[in-house]
Amino acid sequence: MNKKLINSVINVFENNIIPLTKKNVNLGNKIFGAAILKKSDYSLIVADTNKEILNPLWHGEISTINKFFKMKKNKRPSSSECIFISSHEPCSLCLSAITWCGFKKFYYLFSYDDTKKKYKIPHDLKILKEVFNIKNGKYNKKNFYWKAHDLQKIIMDLNEKDKKKYITKINEIKFLYSKLSYNYQSRKKNIQIPLK
């Protein structure tokens, strides 16, 4: 992953995904968001966030994919010409949606373990284990359809100067997500959704 892509992803989190997530968490939705970038120049095509108070299937990735496919065909690039960005490692529903839509590469910021432990939303790991018999979220991250990439692991493999710079930015994003998570967790008992 090159620095230009990392810079674009951080910029999209700060200026698009997090503001949308903040707005939707205030309505009672979970903290998950996503974006689709052009592979050619890493510019933003669309971003969206979780809207499951309207429909339990409208996870951040699903809302983003819906927004992407609502674009006019002549304005929308092929999904194979795009990079999918997810705030959190996609659940089984969203992994399937990414597959069916033809995205060849996706990046996520927070792992399933982060989602369960830091953000107290254990459903991704539970569903993978109970429905698909996949223990500890160990699905095939490189397969016929796509390749999945953990942004934090990629940053840890950079040289020390770049790593330090990006860790600082990621820590700022983590802090914002901690606040969003607290907001969601403190209000979720009053929200009418199946899996809180």
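Reading the values: rules and limits
Residues numbered from 1 in each chain as written. Predicted model: local features only at pLDDT ≥ 70, side-chain atom pairs only at ≥ 80, totals over all residues. Heavy atoms only, no water. Core = buried A, V, L, I, M, F, W, Y, C linked by side-chain atoms within 4.5 Å. Buried < 20%, exposed > 50% of the residue type's maximum accessible area, 1.4 Å probe, protein only. Helix = DSSP H or I, 4+ residues; strand = E, 2+ residues; numbered from the N terminus. Contact = heavy atoms within 4.5 Å. Salt bridge = Lys/Arg side-chain N within 4 Å of Asp/Glu carboxyl O. Disulfide = S-S within 2.5 Å. 1 Å grid on protein atoms, 1.4 Å probe; cavity = no way out; pocket = protein on both sides within 12 Å on 5 of 7 lines; lining within 4 Å. Points joined across faces, edges and corners; volume = space filled by probe spheres on them. Nonpolar A, V, L, I, M, F, W, Y, C, P; charged D, E, K, R; others polar. Pairing = 2+ DSSP bridges. Axes fitted to C-alpha atoms, helices over the stretch in contact; angles between N-to-C directions.

### Notes on the nonpolar core
One broad rule of soluble globular proteins: the nonpolar side chains tend to lie buried together. Formed by 34 residues in total, the largest nonpolar core has its most connected members in Phe13, Ile31, Ile85, Ile173 and Tyr177. Going through the elements one at a time, α1 (3–27), β1 (33–38), β3 (82–88), β4 (105–110), α6 (151–156) and α7 (160–187) are the ones with two or more residues in this core. Counting residues per element, this core draws most heavily on α1, at nine residues. Not counting chain neighbours up to four residues away, the residues in contact with Ile85 comprise Val9, Phe13, Gly33, Ala34, Ala35, Leu37 and Tyr107. With 23 residues, the next largest nonpolar core counts Ala34, Ile36, Cys82 and Ala97 among its residues.

### A look at the pattern of salt bridges
Counted according to the given criterion, the structure contains nine salt bridges. Where Lys51 meets Asp48, a salt bridge forms, and the shortest distance between an N and an O atom there is 3.0 Å. Owing to a relative accessible area of 23%, Lys51 belongs among the partly exposed residues under this scheme. Given the relative accessible area of 5%, Asp48 is considered buried. When the shortest N-O distance is used, the salt bridge between Asp113 and Lys117 registers 3.4 Å. Separated by four residues within a single helix, Asp113 and Lys117 lie in helix α4 (residues 112–117), roughly one turn from each other.

### Observations regarding the state of the cysteines
All chains considered together, the criterion is met by zero disulfides. Distance from the sulfur of Cys91, which forms no disulfide, to the nearest cysteine sulfur (Cys94) is 3.7 Å. Cys101 takes part in no disulfide bond, and the closest cysteine sulfur, belonging to Cys94, lies 10 Å away.

### A look at empty space enclosed by the protein
As enumerated under the stated definition, the model contains one cavity of 30 Å³ or more in all. Estimated volume of the largest cavity: approximately 40 Å³. Lining the largest cavity we find Ile6, Val9, Ile10, Phe13, Leu109, Leu151, Ile155, Ile170 and Ile173. Secondary-structure elements contributing two or more residues to the lining of the largest cavity are α1, α6 and α7. With four residues, α1 is the largest single contributor of residues to the lining of the largest cavity. The class makeup of the residues in the lining of the largest cavity is nine nonpolar, no polar and no charged.

### A short note on the sheet that holds β4
With mixed pairing, the five strands of this open sheet are ordered in space as β2-β1-β3-β4-β5. Both outer strands of the open sheet, β2 (44–49) and β5 (147–150), are each paired with one neighbouring strand and no more. Taken over all neighbouring pairs, the strand axes of this sheet differ in orientation by 20 degrees on average, direction set aside. As paired strands, β4 and β5 are joined by four bridges and run parallel to one another. From the neighbouring strand, Lys105 faces β5, where its bridge partner is Lys147. Each of β3 and β4 touches α7; the most contacted strand, β4, lies at about 70 degrees to it.

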